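Observations on the model geometry
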Amino acid sequence: MALELIPIGTILAVLTNQVIKTAQAAKDILVEKDSFRVLSKHLFDIEPVLKELQLQELNDSQAARLALESLETDVKKASSLIEKYRNRSRFYLLVRCRYIVKEVEQVTRDIGRSLAALSLANTEVLSNISDQVNRLQNEMQRVELETSHSQLQIIDKLNQGIKDQKWDQGFANDMLEEIARAVGVNVEPSAINEELESFRKEKEEAAHRKEKAEEYFLQQVIALLSRADAAINYKELRTRYIQRFRVIVGYDEREEQIPPLNAFVCPINQTTMVDPVSLCTGTTCERVAIEAWLESGEKTDPGTGEVLQDTSLRSNLLLRQSIEEWRELNYCLKIRCCKRNLSSGSDESVKEALCQIQELVREDSVNKDWIFIGGLADIIISILGNSRNKDVKRRILITLKEVVEGHARSKEQVVESKGWDYIIPCLGRDPSISKAAIALLFELLQDRSGWNVSACKKLSEQCSSILFLVTLLRGPETESSEYAKKILDKLLDVDEKNISCAARSGWYNPLVDRIVQGPQSSRTSMVTYLVDMELVDANLEIIGKMGVIPPLLEMLLGRSESKELSLRALVKLSSCGANKELLAASDGVSHVIKLMFTSHERPAITIKCCELLEKLTSDGDGIKFLVNGRGTQLELEPIITGMLAFQQSASSSNARRPALRVILAICNSEPELVKKAVLAANGISIVLPLIDHSDSEIREVAINLLFLFSQHEPHGVVEYLLRPRRLEALVGFLENEDKSDVQMAAAGLLANLPKSEVSLTTRLIELDGVDAIVKVLRSGTMEAKENALSALFRFTDPANVESQRIVVEQGVYPLLVNFLRVGSVTAKARAAALIGNLSMSTPRLVMATKPSFCWCFSARVHLCPAHGSKCSVASTFCLLEANALPDLVELLRLQVHATAYEAIQALSTLVREGSPNRGATTLHEANAIRPLLEILTWGMDSLKEEALGFLEKIFHSKDIVEHYGSTAKLLLVSMTGRNIHDESHIGRRAARVLSLLERYSKSSTSIIPGIYG
């Protein structure tokens, strides 16, 4: 139907509907949205103009009809343009974006002009909205649309890459990713291949339309993008390799290259062509070469010299395909040759093959796949694991890096194969190998978007990987260290558990950083890792110096779970002395003590506080670290009192044990506190029951405490020990050879108990207590032996010869004599005192065993020179028979007060009152008197008094006086001064001995005026 026959109102209604549909459709275009949205907006703005015309019943004039017809035509053009690009390949729309924008711009301007004509034809009708219509038609006629800057950058980069013939896979990956991101296509093989298939159809349609330039351009873009990882169809690639390989099977094994056909060679540069193009004369040249030829001013065919009538270039696709096939056949030949060299077993052949592989992947990225398809990758990975040649290993690592670089599929195959297992150990080898290994590892962990998180997680599963990385991080090789730092940072970011692995490998910075400044959740997990780690003191010290203690103390202010976790970490750190110092300096000890004695805290927290205080006082540190932040000693008595009270409320061994050790450590450091603990806190009654505790460690600490407490309150201990089975337990402690401190404490406890408790002594003898003490003397530590010697005093009391005999029968005498020679000062002194106790009983025992036979036979019997009778160790406890005399004399010469004092006491038992001659003579013959006199020159007053007392007994022997009188007189005179009437105790005693000497001297002449005058 002719337009003039249709009512103008109907035409207007149809046009209005067409405008609305077109405007709506323009909104839905996915590419160049901004341009199509401008068109859509303008079309929607035209709608009210057309509706206004309908309302005003515009005049049915020729001009009005022509204007409507023109507008309808332009709207249809817009509709056709929208339809043209609605379902096209998004890649195609992007690469054609410049042209699309121009088309949209032009159709918008055309509609604007038609709208202006319609406005002129209906001026009166549109008077109410004339301003609006004028503004709209002016905007549309002057519209200027532009492609987005980001899209233009992509297109320019693509065009430049094609011009520069950048066919490498890395560039292809970058371009594909940028294009896909710009048009909203997911960079996954399935989505990419679907889009590329659509793109190929666009190229076929361009060929069908005989648009050669567009076809050629699209072909180049498709060829480039098809090289990207995501675009490669691996099945097709594998099939192509197999097809090519079947062709070369017929070639000799030694054949390494098929020479190119003459048609493949460019007549200009004499090289095999990559992008062959044909001239109008039929000659084919390399595109770059012929373009340069023509640009230089040449107008002739470079092959024939014929003048070119037409300089246009046509792509020779068939020849290009043939050249590519020829190249791929040569790739297969090289791959076959490489395989033979790799399998030869010769290191040199392997190196040659590796060089060829590097050349292959540099020449064409398709070889990155074909090396895997052809089995080369598996062979070189196997050689990497088995070869002992360092250079071969290094070259394999470098080659693998080239193979996988920018190639996701190759990386995946290496990671999934044994390559992972062989590459990681190389991190710990020779620096040249580890450098190549870390560079390869870094590349394997990268993908198009940055880090390959899946590969990073897989690396984390390798037990040794983090250890090797930490080693490289600290190594001298800067590049390797930087790679290691980047990888480690990512591994820690991927999984916090790797922070623990890094710390176990000696890299504590990430762990401490998160404890110091991480969020609460991270801090908690990091402290948990710290608690669970096995760390030596040196490592604990490093962690402490890095500042981990203050944030742990902050956690003590948090919830119960936080407090307990913090205390566990502090307990661990306090195994190291340096950290104890840091904890004390941070005023942490005060906080811990306050926390421990807070009544509402959970028992677990109180126990951990005890454990921490135990650590602080262990290793002989005692009260050293029980100070506040200023270094001032904390009040110890409340701590002791609180700990003892805690023993009454503690319900488990885990609670009692550390608290008891703290009490013991403080008491060992501060003897004054022992008395307070005994009296003020009733310590003995609290600790005594613990020697029957089921936990051996608690029993052992308890016996140590009782040893200390018994020095101040022994009677309460005696009463307890005399109860059934208690003394047996004490003897058991004496017999505990595995715990020297327990033996020492048990022996010390016995030594501290009153000697007057005869019932205790008797019971101990019945329980073989003496035998247990003797065993300590034989095999215990010196401290235990010293206490055991003290414990023996209750059994060597001269008033109880029977208990003495039991001691002697146990073989104690030789042990005592040996202590005189090799014991500590304390042991020597106590041994001498014990020998003295036994020797005091000798005169009585001699009298009891005197022979009844006639003295005429006495010459046949060996008589003791000191006692004038038959003596023995077993029967009379004679110290001469025990051969103790020389060692006792030696104690006099050592010039040690304690041992000399006890030696004098023991030796004095040989000199009997009233009949000193035998004993004095024995001492003279043993050279004991001269060192005794020398004591008067070096001894302290108390020792000198003992020496003078002993000399007074000895100098009742006239023979001794005659022998030593002169020497003794000189010493005694120096002690009394020139005044015989010296009023000091020592002076009076010296004067008495001096008088004795004068009495027994051969000459009655006094050397001191006034003695007898």
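Residues numbered from 1 in each chain as written. Predicted model: local features only at pLDDT ≥ 70, side-chain atom pairs only at ≥ 80, totals over all residues. Heavy atoms only, no water.

Now for the overall build of the chain. Broken down by element type, the chain carries 55 helices and five strands. The buried share among the 1013 residues of the chain stands at 51%. For the chain, the accessible surface area stands at approximately 46,900 Å², while carbon and sulfur atoms represent 49% of it. Distance from the positive charge centre (121 side chains) to the negative charge centre (134 side chains) of the chain: 6 Å. (Helix = DSSP H or I, 4+ residues; strand = E, 2+ residues; numbered from the N terminus. Buried < 20%, exposed > 50% of the residue type's maximum accessible area, 1.4 Å probe, protein only. Areas by Shrake-Rupley, 256 points an atom, 1.4 Å probe, with all protein chains shown as cover. Lys, Arg positive; Asp, Glu negative; His and termini not counted. Charge placed at Lys NZ, Arg CZ, Asp CG, Glu CD.)

Moving on, we get to unusual backbone geometry. Note: most peptide bonds trans; most residues except glycine with negative phi. Here Asp587, not a glycine, exhibits a phi torsion of approximately 65°, which is positive. On the accessibility criterion, Asp587 (25% relative accessible area) is partly exposed. One non-glycine residue with positive phi stands out, namely Asn883, at about 60°. Here Asn883 is to be found in the loop between helix H48 (873–876) and helix H49 (885–893). Under the relative-accessibility criterion, Asn883 is labelled partly exposed at 43%.

A few words on the sheet that holds strand E2 (residues 284–286). The three strands lie next to each other as E2-E1-E3, forming an open sheet whose pairing is antiparallel. Both outer strands of the open sheet, E2 and strand E3 (314–315), are each paired with one neighbouring strand and no more. Judged from the two bridges that link them, strand E1 (residues 276–278) and E3 form a sheet pairing that is antiparallel. Its bridge partner lying in E3, Val277 is registered against Ser315. (Pairing = 2+ DSSP bridges.)

Our next topic: the packing of helix H50 (residues 897–908) against helix H52 (residues 929–938). Their axes nearest at 12 Å, the elements H50 and H52 cross at an angle of 140°. In terms of axis orientation, H50 runs oblique to H52. Handedness of the crossing formed by H50 with H52: left-handed. Facing H50, whose interface residues are His897, Ala900 and Ile904, H52 presents Leu932, Ile935 and Trp938. Per-class residue counts for the contact of H50 with H52 are five nonpolar, one polar and no charged. (Axes fitted to C-alpha atoms, helices over the stretch in contact; angles between N-to-C directions. Parallel < 35°, antiparallel > 145°, perpendicular 65-115°, else oblique. Left-handed = near helix turned anticlockwise from the far one by under 90°. Contact = heavy atoms within 4.5 Å. Nonpolar A, V, L, I, M, F, W, Y, C, P; charged D, E, K, R; others polar.)

For the rest of this paragraph, the subject is the environment of Leu777. Inspection of the secondary structure assignment puts Leu777 in helix H42 (residues 769–779). With 202 residues separating them in the primary sequence, Leu777 and Ser575 have C-alpha atoms 34 Å apart. Apart from the residues lying within four places of it in its own chain, the contact partners of Leu777 are Lys785, Ala788, Leu789, Leu792, Leu815 and Phe819.

Should their charged atoms come close, side chains of opposite charge can pair. Considering all chains together, one arrives at 56 salt bridges under this definition. We note a salt bridge from Glu214 to Arg96, for which the minimum N-O separation is 3.8 Å. Taken together, the positions of Glu214 in helix H10 (residues 212–225) and Arg96 in the loop between helix H4 (90–95) and helix H5 (97–121) put the pair 118 residues apart, joining distant regions of the chain. Take Glu214: its relative accessible area is 8%, and that puts it in the buried class. For Arg96, a relative accessible area of 18% corresponds to the buried category. Across the salt bridge formed by Glu402 and Arg362, the nearest N and O atoms sit 2.5 Å from each other. With Glu402 in helix H17 (residues 390–404) and Arg362 in helix H14 (residues 347–363), this pair connects stretches of sequence that are 40 residues apart. What makes Arg362 exposed here is its relative accessible area of 55%. One salt-bridge network, held together by shared partners, links Arg96, Glu205, Arg209, Glu211 and Glu214. (Salt bridge = Lys/Arg side-chain N within 4 Å of Asp/Glu carboxyl O.)

For the rest of this paragraph, the subject is the layout of surface pockets. Approximately 1,600 Å³ is the volume found for the largest pocket. Ala223, Ser226, Arg227, Arg240 and Glu324 are the residues nearest the centre of the largest pocket, which is lined by 40 residues in total. If you tally residues by element for the lining of the largest pocket, the top one is helix H13 (residues 317–342), at eight residues. Considered class by class, the residues forming the lining of the largest pocket number eleven nonpolar, ten polar and 19 charged. Forming the walls of the second largest pocket are 21 residues, and the residues nearest its centre are Ala408, Glu412, Asp447, Arg448 and Asn452. Those elements giving two or more residues to the lining of the second largest pocket turn out to be helix H18 (408–416), strand E4 (446–447) and helix H21 (453–460). Broken down by element, the lining of the second largest pocket gets its largest block of residues, six residues, from H18. (1 Å grid on protein atoms, 1.4 Å probe; cavity = no way out; pocket = protein on both sides within 12 Å on 5 of 7 lines; lining within 4 Å. Points joined across faces, edges and corners; volume = space filled by probe spheres on them.)

For the rest of this paragraph, the subject is the environment of Ala538. By secondary structure assignment, the location of Ala538 is in helix H27 (residues 537–545). Residue Ala538 is classed as partly exposed on the basis of its relative accessible area, which comes to 47%.

With 265 residues, the main nonpolar core has Leu469, Leu613, Phe709, Leu888, Leu923, Ile954 and Phe955 as its most contacted residues. Ranked by residues supplied to this core, first place goes to H13 with ten residues. Those residues in contact with Leu469 that sit more than four places away from it in its chain are Leu427, Ile438, Leu441, Leu459, Ala484, Ile487, Leu488 and Leu491. (Core = buried A, V, L, I, M, F, W, Y, C linked by side-chain atoms within 4.5 Å.)

Bringing the confidence of the model for the chain into the picture now. Residues of the chain with pLDDT of at least 70 account for 93%, and the chain-wide mean is 85. In the predicted structure, residues 978–982 sits below a pLDDT of 50 and forms nine contacts with residues beyond four places in sequence or in another chain. Under a pLDDT of 50 for its full length, residues 1003–1013 has, in the predicted model, 16 contacts with residues more than four places off or in other chains. (pLDDT = per-residue confidence, 0-100.)

What follows covers a negative patch on the surface. Where like charges cluster on the molecular surface, the negative patch consists of Glu735, Glu737, Asp738 and Asp768. Mapped onto the secondary structure, Asp738 falls in the loop between helix H39 (726–734) and helix H40 (740–752). (Patch = residues over 30% accessible without salt bridge, like charges linked within 9 Å, V, L, I, M, F, W, Y side chains within 5 Å.)

So, on to the environment of Lys457. Structurally, Lys457 is set in helix H21. Note: C-alpha distance between Lys457 and Leu491 (34 residues apart in sequence) is 7.3 Å.

Take the side chain of Ser410 next. Following the sequence through the fold, Ser410 ends up in helix H18. From its side chain, Ser410 meets the backbone oxygen of Lys368 in a polar contact 3.5 Å long. Within the structure, Ser410 has its side chain in polar contact with the side chain of His407 (distance 2.5 Å). If we skip the residues at most four places from it in the chain, Ser410 touches Lys368, Phe372, Val403 and Val404. (Polar contact = N/O pair within 3.5 Å; in protein donor to acceptor, adjacent residues only side chain to side chain.)

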